[in-house]
Amino acid sequence: MKRRITHLSIAFLLFLTGFSVRAQTNSKVTGQVLDKNKKPFEKATVTLLRSKDSALVKIDFSNASGYYEFEYVKPGSYLISVSAVGFGKKFSPVFSAAGDTINVPVLEIQEVQKNLGEVVVSANKPMIEQKIDRTVVNVDASPTNAGATALEVLEKSPGVTVSNEGAISLKGKQGVIVMMDGKPTFLSQADLANLLRNMPASALDQIEIMTNPSAKYDAAGNSGIINIKTKKSRYEGFNGSFTIGNTLGIYDRRGDLIFPYRNNASINMNYRKAKINLFGNYNFNYRQGKSDLELTRNFFDKTGGLSNTSDQTTTFNQLNHNHTLKMGIDYFANKKNVFGFVVSGFGFFGKPLALSTQAIKDPSGNAETFLNSTTDNKLRFHNITANFNYKHTFDSTGREITVDLDYVRYGNDSKSLLVTDIFDGTGAPEGNLTLRNEQPGAINIYSFKADYTHPLKKKTKLETGIKSSIVRNDNEVIYDRQENGGWVPDSRSNHFIYSENINAAYINLSKQFNKKWSAQTGLRLENTVARGNQVTTDTTFRRNYTNLFPTAYVNYAASEKHNFTISYGRRIERPNYQDLNPFTWFLDSLTFRQGNPYLLPQFSHNIEFRHSYKNAFTTSLNYTVTNDVISQLLKQDTENKITFLTVDNVARFRNIGISITTPVLVAKWWKMNIFTNVYNNKFKGVYYNSFTGNNDPIDISFTAFMVNISNTFTFPKGWTGEISGWYRSKAVEQLSIANPMYFMNLGGQKNIMKGKATLRLNIRDPFHWQRYSGYTQYSDIDVRIKNRWDNRNVTFTFTYRFGKNTIAPSRRRNTGVSEEQNRAGGGQNQ
């Protein structure tokens, strides 16, 4: 078998030599803008021009350190133009781009010697940038992000949807891999949503959205990758910033106004001198949360007739705080060797309290049983991540090798107490149930990754690499129930140990054929060995599978205005570790969530065709087919009126859609960005009804529409403002139908203290439009859901920047852990 794979790889490599890079053989152009005092100039308009006719190619804006960057510049001769209101225009020398990185000499701009009065107009970096292989959201460019969480920023990003349970979808497709600074989060859906819900937007710099990654990335992720980039300093010497934010919510709970309070504070510091770069940041977040959930469930007999109805209302009161710390060092030994070490940690401490009332009625609406439940949780969840990285540059052609070693540990020590009082239809007591549980658990992840880049002749580049990861997941849930005034062990206790080893290798070849045609193709090989052991029942399983994941891209630059790209990729979505745990987590005594250790991976084929006009107006057509879809699934015990949520491979999924991104310059002071997406989701499969013993068909299809609009305004004297919002029509979310949702934001900001500080005011969802309602109907499942939460709030933040501001070369720190962090879970009660 090994010999066949080797021969296959050699044949594939020989075949690929006729192909090559699309973006990788193109150039990157970087530089800096300074004022007459040699200080960085922020928000200058930087234009990339074609030298032969001064035609506009791309435009950018210098950041707070005066730095600008153009990626994927095609071979040719260019020059840079820098301008700003009140300053004279400055041009760079002519330079040639030929597949390498060009560092343009520093450009100093001088003030025009005339009185411009009090009017100052400055260019802002756009909130959304459309690049050749990804969409970039600049977080600080939006005033309405002040006081928001990372999850809320994601929710209003183009093409991104966040479900009622916190599941993240991209263009109507679930299975997104979420990374931070190129490093996966290793979290399950519930725990990832919890992390992002408690991470302040002030800690974020950019969000990169990639719908069809190359073979260099892990093959995991049905719909692509979202990379959240945190803030990093580019300055020499000692410098940094701190932010303080306060949020007051306005929540109407059945006629009573409640004002939940939130607070966040962060500090970001960097010290760069000679060969050493030290960096670190700390974030604190305090959150009071309120939400209400309504569930209506119908139960049917074996003939299909209505037997009972359950009306349930749950009130959630949350109080939690968390701490995030990150520290690191880069050592620039010489021009060819760089070493780095990064360590980070996250601690979450929460006390969510759920109060639930449930009425079970007969078909005529007469009450048969009442249940009042209280679930008191104490959640403690933490992680630590360590990364060692090394980069060696062989020569000036771009030949280099990078190595990453990673260790990640997740720990969970959560407890809960469930008390249910039971009454008959007249309200007379019938008894009670009291359960307590502890959930000790730990996940240890080890990873090694190495990547090699080698430019070849004739504008061709070879990329190859290997990766190996080892995961051990040891989780336990210990249940006790109260009997006769004492505690006795309960049969729901369980102990599950899961281990996994993934070994991967990839190869990418890319080539620029001529000025118009370029291509890239790649192949990734992944082998997975997994073992599971339910210690309590002495049940084990083992899986061993090997798969190939090809990718291909072809790009055609028809003219200076029109660019066409078609891409294909095969991807895999493995079950996350939380879903594999066969544990039970209670909402109340008749409603709970349960894992499934027998989940299988799902595989998808993604095709996308994209047209770009003037590198701005972009139209994309996408088609995806996924087999053995991992989907959340409701199941019922009709006789005992129990409903539980689990995960299973139940269907085949097909997604087809079209999206359009339209930037509009309404006026010099008013910029608008419109993203629209129309897509059809279809699920088709079989559901086993344990009550009737039948295999019932699942056939759900729906066409949905979503639009995301942002308006940014630039006013005199350093004021900026924003009005943004989104609308999503009725849509399929896994096997449920979600009713239309809509939302808006208002915000403004002003730079003060000579640009060293910024004040922001944000009014989020002022009319409390954003709320969830939907239904799930298949086989004997008939459930309707309504959910409201305290998303209407007012936030005020203050940011101050301190220290030296001389720019230094930056270094991206991407670690080797890829898919694993997205699949880890702390096992906490959600």
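The shown structure was predicted, so the numbers you read here are calculated from the model rather than taken from an experiment.

Draft legend 1. Up close: the pattern of salt bridges. The final tally for this structure, using the stated rule, is 22 salt bridges. Salt-bridge contacts for lysine 229 lead to glutamate 208; the nearest nitrogen and oxygen are separated by 3.7 Å. One end of the pair, lysine 229, is in strand 17 (residues 224-230); the other, glutamate 208, is in strand 16 (residues 204-210), with 21 residues separating them in the sequence. Each member of the pair lysine 229 and glutamate 208 is classed as buried. With a shortest N-O distance of 3.9 Å, lysine 216 and glutamate 463 are connected by a salt bridge. A residue pair is termed long-range when its members are at least 10 positions apart, and lysine 216 in the loop between strand 16 and strand 17 and glutamate 463 in strand 29 (residues 460-483) qualify at 247 residues. Here glutamate 463 falls in the buried class, since its relative accessible area comes to 8%. Members of the salt-bridge network, linked through shared partners, are Asp218, Lys467, Arg524, Glu526 and Arg574.

Draft legend 2. The arrangement of the nonpolar core in detail. Of all hydrophobic cores here, the largest spans 55 residues; its most connected members are Leu154, Ile168, Leu196, Ile207, Ile226 and Ile228. The element contributing the most residues to this core is helix 2 (residues 150-155), with 4 residues. When near neighbours in sequence (up to four residues on either side) are disregarded, leucine 154 contacts Val160, Ile168, Leu196, Ile207, Ile226 and Ile228. Within the second largest apolar cluster, 28 residues are counted, among which are Leu293, Ala354, Tyr775 and Val783.

Draft legend 3. Focus on the pairing of strand 14 (residues 176-180). With 5 of 5 residues buried, strand 14 is to be regarded as a mostly interior element. On strand 14, burial covers both faces: Val176, Val178 and Met180 on one face and Ile177 and Met179 on the other are all buried. Where strand 14 meets strand 17, 5 bridges bridge the pair, whose relative direction is parallel. Paired with methionine 180 across the bridge in strand 17 is isoleucine 228.

Draft legend 4. The arrangement of a positive patch on the surface in detail. A cluster of like positive charges, contributed by Lys351, Lys378, Arg380 and Lys415, occupies part of the molecular surface. With respect to the helices, strands and loops of the structure, arginine 380 is situated in strand 26 (residues 367-393). Classification of arginine 380 as partly exposed rests on a relative accessible area of 46%.

Draft legend 5. Examining the confidence of the model for the protein chain more closely. Per-residue confidence for the protein chain gives a mean pLDDT of 83, with 88% of residues at or over 70. Under a pLDDT of 50 for its full length, residues 114-123 has, in the predicted model, 11 contacts with residues more than four places off or in other chains. Scored below 50 in pLDDT, residues 806-814 makes 35 contacts in the model with residues more than four places away or belonging to other chains.

So, how was this worked out
Note that residues are indexed from 1 along each chain, following the sequence as it is written. Whole-chain, interface and lining totals are the exception, using all residues; otherwise, since this is a predicted model, local features are given only for residues with pLDDT of at least 70 and side-chain atom pairs are given and counted only at 80 or more. Only hydrogens and water are set aside; all other atoms, that is, all heavy atoms of the structure, feed into the side-chain values. The salt bridge definition used is simple: a Lys or Arg side-chain nitrogen within 4 Å of an Asp or Glu carboxyl oxygen. Think of it this way: any DSSP run of H or I at least four residues long counts as a helix, any run of E at least two long counts as a strand, and we number them from the N terminus. To sort residues, take the accessible area from a 1.4 Å probe on protein chains only and compare it with the maximum for the residue type: under 20% means buried, over 50% means exposed, and anything in between is partly exposed. Residue types Ala, Val, Leu, Ile, Met, Phe, Trp, Tyr and Cys, when buried and joined through side-chain atoms within 4.5 Å, form a set referred to as a nonpolar core. Two residues form a contact once any of their heavy atoms are found within 4.5 Å. Any two strands between which DSSP finds at least two bridges are classified as paired. Residues enter patches when they are more than 30% accessible in relative terms and free of salt bridges; like-charged ones are connected within 9 Å and nonpolar ones (Val, Leu, Ile, Met, Phe, Trp, Tyr) within 5 Å. Using a 1.4 Å probe, the Shrake-Rupley method yields the accessible areas, and only the shown protein chains count as cover for residues. Positive charges come from Lys and Arg alone, negative charges from Asp and Glu alone, with His and the N- and C-terminal ends not counted. By convention, charge coordinates are those of NZ in Lys, CZ in Arg, CG in Asp, or CD in Glu. pLDDT measures the predictor's confidence residue by residue and takes values from 0 up to 100.

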